[in-house]
Structure formats: structure tokens, C-alpha cells
Amino acid sequence: MTTMYELTSVSKVYHSGTRTVEAVKGVDLTIDDGAWIAIRGRTGHGKSTLLNLLGGLDRPTSGQLKLDGRDLGRLSDAELTRVRANAIGFVFQTFNLVPTLSAAENVEAALIPLHISGAAERRRRVAAALDSVGLADRARHLPSELSGGQQQRVAIARALVKEPKVLLADEPTGNLDEETRDEIIALMEKLWRERGLTLILVSHDGAVVRRAQRLAVMTRGHLALRS
Amino acid sequence: MFFFTYLARELRRRLRQAIFIALGLAIGVGLVLTVTAAAAGVKNAQAGVLQGLYGVGTDITVTGAAPSPPKGLSGPSSGKGTQITMGPDGAQICTDGKCHALKNGYTIDNLGSASYSPISAASVSKVAALQGVTAAAGGLLLTDNQTTISSTPTQPTSFTVDGADISKPKLGPLSQAAVSSGRAFTAADANKNVALVDKNYAASKGLKVGGTIKIGGTAFTIIGLVAQAEGSSPPNVYVPLARAQAVATSGPTGGSLKNDINTIYVTAAKSTDLATVQHEIAKLLPTAQITTPSSLASQVTGSLTSAAKLANDLGKWLSILVLIAAFAVAVLLTMAAVARRVREFGTLKALGWRGGRIIAQVMGESLAVGILGAAVGVGLGFAGAAIINAIAPSLSATLTQPTGLHMMTPNGAISPTTSHTVSVPMYASVGVTAISVAVVLALAGGLLAGAFGSWRIGRLRPADAIAKVG
């Protein structure tokens, strides 16, 4: 089993006026390729900050954060953008779909940075991604015409259409009812198994985190692994 | 193509805002176009007036200096020359100090070089020989003043007479006159008492071909009527230069003009030579007035001048203000739109979109709004020009010149002036250059708005963008 993430003494400090907030404090963590780890914790304890660091959306203030052997903290902005475009898929709590674009176009938006030549190839991949989340018949619908669960399925299709190594999900079921939550988690588990993804999921919902292989808990910026 | 799909969808989503920004730019652009069209119309009208005043084919007009009032004007019979004095005891005419009473009803008819001092006729060939001059012709611009003596001061009636060099028909005011009835001058007319009369003046005075007109007390046969460009202030009557020299005096108090002219019409080889030629003529004739089209323009008054001022000053600043306001509104609304889309742009950055690609998307949207603004603005500009043409009153141009008469009245000395007022049609038209400038302005407005929005996107960190709403 190869290592996907290797975090050594990773900290993240924010400055807000005269106030300094250490959101992530000296986190050491190793995540194997193809693993599913859930991160649990109370609101404001650094879960989302850690996820942003793992996703290359932010840089650690100190420590080393390696993704597939590359230290994300040392990459240039352009290189970090390329890593996000190629290797990482994101799923957000609020879905974050572009409201003016249809489901298919939202999924296609993830392919734009990859410069895939040929509209036909892009359409094929978009159709396959939507089919994999069971929304082949909703391709032309706008987000406002879809239910919350369907919107999150589109967001999952958008994250997976570029065939990333890692899927990062920040409270993916936070805005869904219980039944839909179970459907979404089941779908993510299925895709994780089928595609051999490394899945890192942040949630405060016990029913969700129990499905993961490993559980980590964030408390005031510190990460502790649970069995 | 994804770029255009996204652009079109986004514009459709905030259609009202896009229309509002586009309309703001359109109003600014439309106003610029309308003002430019009006200014161009006024400029063309001015050019028409100046061309008429100036003479076709003439680059420089040289005239004798304006004569000053004769000495002794402050009292009767106190100086040399001829003076007319009106007083409680009636009118009297004094010549070289000798005075004679004038009966009421007596008409004094004097053809004089009222506005300009004489220049030697020999100067024409000297000017023609200057480097850079292609042709020069002499002329006598005269005023025929007719004053009827009465117990109360009355304004003299006058008409203008041009002594034209008929051997050089392409220079001077006569060059733009077309014979409407009768015939033109021929070489055989050089020493005959014959006249061409302006068609409109003839109509107002009941003059006809074959009839006569008294000029300086001499009867001239009218051989033709001439139509002259509307908007010009043409002479009322043309006579051969030699006859004008024989009949005219250098003002009511002056001597003969037999070997004199008071105007030289000059054509330069190149427009770039004008300054040099002007300088050379000034050296040759130091007291003469040298007039170019630009210097003549400053002498014209009337609603045409007011319109020009209005278009150039108020119109220009109004357009600039509206454009600035439109640009400001476009910038503020675009920045507000970008602020509302922080999560969207943050998500795109998370998906791996480069900042430049997102900026291009926003710039594209702003540019599309700018194009819409330009298109509507050009339409508004044409509409504005059409409205001006439909409702604008006819403009007038007035050129005031001294008659050369100096009269004493119980209330003091008066030096009557003569003024030519012409009605000038104004046609506001939208030119290709103006359209190009307007389109560039609208696009610049759109791009400026996009640039401010892009500046905000450039500062956006994806984590912040997502955290802001997540």
C-alpha cells in the first residue's frame, strides 16, 4: 500500500487584526492510497481548515504536507492549481453548483482546466459521470430544478469526472435529510470502492463517520486517531 | 464552447443589471454621439459661412487696415475732409472746413472703402510673386451708403459692392456665384458700367436684368443676377474692378481709389505653406490685415456662434460627466456582482480553474455588456441627431463691419456699422469616426468595469471564498 498523504507537524495560524487563531496545531498524519478516513469534531475546531490544507486550497503555516510525495506547501500557485485540477475532487456541504449552468455543464466545468480536446470526449465523460451518480436523465436541469440530494449527486459527479486520486468531502450530508444522507453516503462508498479513491470526509454526523475505515477527531486544532 | 455558454447564462441570470449597465453606457455613448453630431453640424455650418465670407479657392485674404475716425469729429468744421453734422439748426456738410447747409430730403450717395484702408494695386503682383503663392487677385470691397437728410437722425441704408477682377474669376467672392439670369462678366466689360446683382438682394429691392442701380451716384446696368451659397454673406452687387476704382472713394472723407484696391485674395500652394506665406505678406504689407479662415471665424457672432459654444463647452462636459457616471455605475455594479459570486469563483478555483481563466470569463461578460451599450448608444446617437435636425431652429451668423461713416448728432458722434446676418441650416450627422470613438468608449467602459471586478477576483483565495459561505 502506498502513501497518499503524509503530514508532519502541520499547523495553520490565522491572523485577524491583533488576534491570532491557531486553527490546526501540529498535526501528524499518514493516509494510505485508497483509504477512507473520516474526520469528526465540533464546529470551529479546525476540521474544514485541515481539509482545505489537504485540498491545496490553503497552505500550512508550518510543517510539511505531502500529497503523493509532493510537498504542497512548496508548490507555486500555478502548480497548486494544477494539482487541484488533476488530483483532487471536492464535495461541499452547500453543493456549490454554478446556479446558471445545467447539471451537465456544472460537471463539465471541472474538465475545463484539463484542456480536454474535443467536445464529444467531454460530453462522453460528463454523461458517464452523471450516469454513475444516477442522474443521466437530469443532465439539462438547472440546480434550482433539482432536490438537495440530486444537487449533491451532481457535485459528486463534478468531483469525479476528472478521475482524481483523492476525494475530499466537507460535511457532504450536512444539508440533507436522513434518507437522502444515507443514499449519498452509500453512493460515495460505492464510488470509493469501485474507483479505489482516497476518501477524506469531514462530518459531525456519527452515522456518516461510522462508515469510514478510520476515524480521526479534531479537538481545538489537534487531531487524534481513533480505531 | 463553454466560455460563451457560461457567459450567456450569466448575463441572462442578471439580465436586469446587465441592461442597466448597458443602458448607462448607451446613454453616455449616445450623448457623446449626439453632441459630436451637433458639433459637426455647427462646424459644417461655420465652414459654409466662412467659405462664403472668404471666397472659394482663397487661403489668405489681405485687407487694408480698418480706417480710424477722422480727426475733428468732436465738432463741426474743425478738420479736413468731408463731415456731415446734424444739429438743432439742421444738417450741414463740411468739406475741408467749408460748410454748406443740407435740405431735408437730400440724399448723400457715397461708394467708399468703408471697412478697409486702400492698398496699392501694384501690391497684387508683388504678393503673387512670393514663394508659396500660386495666385493672387485684387478686389475692392466697398459699401454704398445712402443717407437722407432729415431733422431727426436716421440710420443710413447701405449695400455692399465688390469690385471684382474679372480676369481672375476663380478667386474672390464672385467665384462662388452662379448666374441665375442674364449673363456673367466678360473681358469686354472691364471698363463698362455694368453690374451683377445678388438674386435675393435684387428680389428685395425690385431690381431686374436690364434695369439700373445707382452706385456712388453713377448708374450701372444690371447684366445678370447671381445665386450665391446660402449661409454666406456675399456682396449685394458686383462691378468690374476698374469701374469700382473710378467711382469709389476711400470712405466718405477720402480721395480717389483709382490705383488702389483694398483686398487681395491669395491661394497658397500647400496648406502647410500658409504660415510662411502669411509671414511674407506681413513683411511686404506691414499695415495690412491678414485673415485666415481661423481668424475670420472669431469675428462671426449670432446663434451659430452660441450653438458652437453650446456644443463645444456644455455638450462636451455633459457628455464627459454622463460617461464618467456610466463608467462608475458599471464599475460599482460589476464589483457588487463579483462580490455576490465569491463562492462561485472560489469553487471554480477549487476545481482547478486558473485565476486568469475566471478573470477572462468576467471580462467577457463586461465586454458583452459594453458591446450591447455601444450598439444601443449608436442607435441613441442617431436618434439624438435626428431629433436635433427635426427641432433645431435655423442658426444665424452675423458679421459686423464698420460703414466708415462718422456722423455728429446732438447726442454725440456715431459711427454706424453694417452687419450681414445670414440664416444657416444646421444638419447634425453621425460620422464613422464618431461611431468608432463611441464604440471604443463603450467597450472601454465595459472593460474598465471588468478590470475592477477582476482585481477583486485576483485577490481572492479559494479557501477564503469557500469559507465565507460554507
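This text follows the structure it describes.
Residues numbered from 1 in each chain as written. Chains lettered and ligands numbered in written order. Predicted model: local features only at pLDDT ≥ 70, side-chain atom pairs only at ≥ 80, totals over all residues.

**Student:** What am I meant to see in the overall build of chain B here?
**Tutor:** Broken down by element type, chain B carries 12 helices and 21 strands. Evaluated residue by residue, chain B yields a buried proportion of 45% over its 470 residues. For chain B, restricting intrachain contacts to residue pairs at least 6 apart in sequence, the fraction spanning at least 24 positions comes to 82%. (Helix = DSSP H or I, 4+ residues; strand = E, 2+ residues; numbered from the N terminus. Buried ≥ 20, exposed ≤ 12 C-beta atoms within 10 Å, placed from the backbone. Contact = placed C-beta atoms within 7 Å.)

**Student:** Would you mind going over the overall build of chain A with me for this structure?
**Tutor:** Each helix and strand counted, chain A has 7 helices and 10 strands in total. Put simply, chain A has 227 residues, and 48% of those count as buried. A sequence separation of at least 24 residues applies to 70% of the contacts in chain A between residues at least 6 apart.

**Student:** Help me understand the environment of Leu72 of chain A, please; the structure alone is not making it clear to me.
**Tutor:** Residues and elements named next belong to chain A. With respect to the secondary-structure elements, Leu72 resides in the loop between β5 (70-71) and α2 (77-87). Spatially, the C-alpha atom of Leu72 lies 6.6 Å from that of Gly56, the residues being 16 residues apart in sequence. Residues in contact with Leu72, not counting those within four places in the same chain, are Gly56, Leu65, Leu67, Leu80 and Val83.

**Student:** For this particular structure, what's the right way to read α2 of chain A?
**Tutor:** Residues spaced three or four apart along an α-helix face the same direction, because each turn holds 3.6 residues. All buried positions along α2 of chain A are accounted for by Leu80, Thr81, Val83, Arg84, Ala85 and Ala87 of chain A. Turning to α2 of chain A, the residues buried within the fold contact β4 (62-67), β6 (88-91) and β7 (166-170) of chain A together with α9 (342-350) of chain B.

**Student:** Can you help me understand the packing of helix α10 (residues 355-391) of chain B against helix α11 (residues 432-458) of chain B in this one?
**Tutor:** Each packed pair of helices is defined by two parameters, the angle between the axes and the distance between the axes. Residue and element names in this part refer to chain B. Direction vectors running N to C along α10 and α11 enclose 150°, while the axes themselves pass 7 Å from each other. With respect to each other, α10 and α11 are oriented roughly antiparallel. Helix-helix and strand crossings are classified by hand; for α10 and α11 the assignment is right-handed. Residue composition of the contact of α10 with α11, by class: 17 nonpolar, 12 polar and no charged. (Axes fitted to C-alpha atoms, helices over the stretch in contact; angles between N-to-C directions. Parallel < 35°, antiparallel > 145°, perpendicular 65-115°, else oblique. Left-handed = near helix turned anticlockwise from the far one by under 90°. Nonpolar A, V, L, I, M, F, W, Y, C, P; charged D, E, K, R; others polar.)

**Student:** Whenever I open this one, unusual backbone geometry confuses me. Can you help?
**Tutor:** Across residues other than glycine, the phi torsion is negative in most instances, and most of the peptide bonds are trans. Residues and elements named next belong to chain A. The phi dihedral of Ser9 is positive, around 50°, even though this residue is not glycine. Positionally, Ser9 belongs in strand β1 (residues 3-16). The phi dihedral of Asn96 falls on the positive side, at around 55°, and the residue is not glycine. Structurally, Asn96 can be placed in the loop between β6 and α3 (103-109).

**Student:** How should I be thinking about the sheet that holds β4 of chain A in this particular structure?
**Tutor:** By way of backbone hydrogen bonds, the strands of a sheet pair with one another, either parallel or antiparallel. All names here are of chain A. Spatial ordering of the open sheet is given by β2-β1-β4-β5, a layout of 4 strands whose pairing is antiparallel. Two strands bound the open sheet, and with one partner strand each, they are β2 (19-32) and β5. Here 10 bridges tie β1 to β2, and the two strands are oriented antiparallel to one another. The partner of Thr3 across the bridge, within β2, is Asp32. In this fold helix α1 (residues 47-54) packs onto β1, β2 and β4, with an angle of close to 60° to the strand it touches most, β2. (Pairing = 2+ DSSP bridges.)

**Student:** Looking at this structure, I do not really get the interface of chain A and chain B. What am I missing?
**Tutor:** Interfaces are often sized by the amount of accessible area the parts lose when they come together. Listed by partner, the interface residues are 25 residues for chain A and 21 residues for chain B. Mapped onto the side of chain A that touches chain B, the elements with two or more residues apiece are α1, α2 and α3 of chain A. Sorting elements by how many residues they give to the side of chain A that touches chain B places α2 of chain A first, with 4 residues. Residue composition of the side of chain A that touches chain B, grouped by class: 11 nonpolar, 8 polar and 6 charged.

**Student:** What exactly am I supposed to notice about the sheet that holds β6 of chain A here?
**Tutor:** Residue and element names in this part refer to chain A. The 6 strands are arranged β6-β7-β8-β3-β9-β10 in an open sheet whose pairing can be described as mixed. One side of each edge strand has no neighbouring strand; the edge strands of this open sheet are β6 and β10 (222-226). Across the sheet, the mean angle separating the axes of adjacent strands is 20° when strand polarity is ignored. Note: strand β9 (residues 214-219) against β10, 5 bridges, orientation antiparallel. Bridge assignment links Met218 to a residue of β10, and that residue is Leu223. In the packing of α1 onto the sheet, contacts are made with β3 (36-41), β7, β8 (198-202), β9 and β10, and the angle to β8 comes to roughly 155°.

**Student:** Where do I start with the pairing of β3 of chain A in this structure?
**Tutor:** Note on strand geometry: in a regular strand, side chains alternate between the two faces of the sheet. Residue and element names in this part refer to chain A. Counted residue by residue, β3 has 5 buried out of 6 residues, so it is predominantly covered. In this structure, β3 lies alongside β8, joined through 4 bridges in parallel fashion. Bridge pairing in β8 places Ile39 opposite Val202.

**Student:** Help me understand the nonpolar core in this model?
**Tutor:** Side chains that are nonpolar tend, in soluble globular proteins, to be buried together. In terms of nonpolar packing, the biggest core is built from 83 residues, with Leu50, Val107, Leu130, Ala157, Leu168 and Ile200 of chain A touching the most fellow members. If we ignore the near neighbours within four places in the chain, the residues touching Leu168 of chain A are Leu51, Leu54, Gly55, Ile88, Phe90 and Ile200 of chain A. Formed by 51 residues, the second largest nonpolar core is a distinct cluster that contains Leu111, Leu140, Leu141 and Val266 of chain B. (Core = buried A, V, L, I, M, F, W, Y, C linked by C-beta atoms within 7 Å.)

**Student:** I would appreciate a short explanation of α9 of chain B in the present structure.
**Tutor:** Residue and element names in this part refer to chain B. Of all the 9 residues making up α9, 7 are buried; the element is thus mostly covered by neighbouring parts of the structure. Regarding α9, the residues found buried are Glu344, Phe345, Gly346, Thr347, Leu348, Lys349 and Ala350. Within two residues after α9, Gly352 carries a phi angle of roughly 105°, on the positive side.

**Student:** Where do I start with the environment of Ile213 of chain B in this structure?
**Tutor:** Residues and elements named next belong to chain B. Note that Ile213 resides in strand β11 (residues 212-215). Separated by 16 residues in the primary sequence, Ile213 and Val197 place their C-alpha atoms 9.1 Å from one another. Sequence-distant contacts of Ile213, that is, excluding residues within four places in its chain, are made with Ala195, Val197, Leu207, Phe220, Ile222 and Val237.

Honestly, that's just the spatial picture; any functional story needs more than this.
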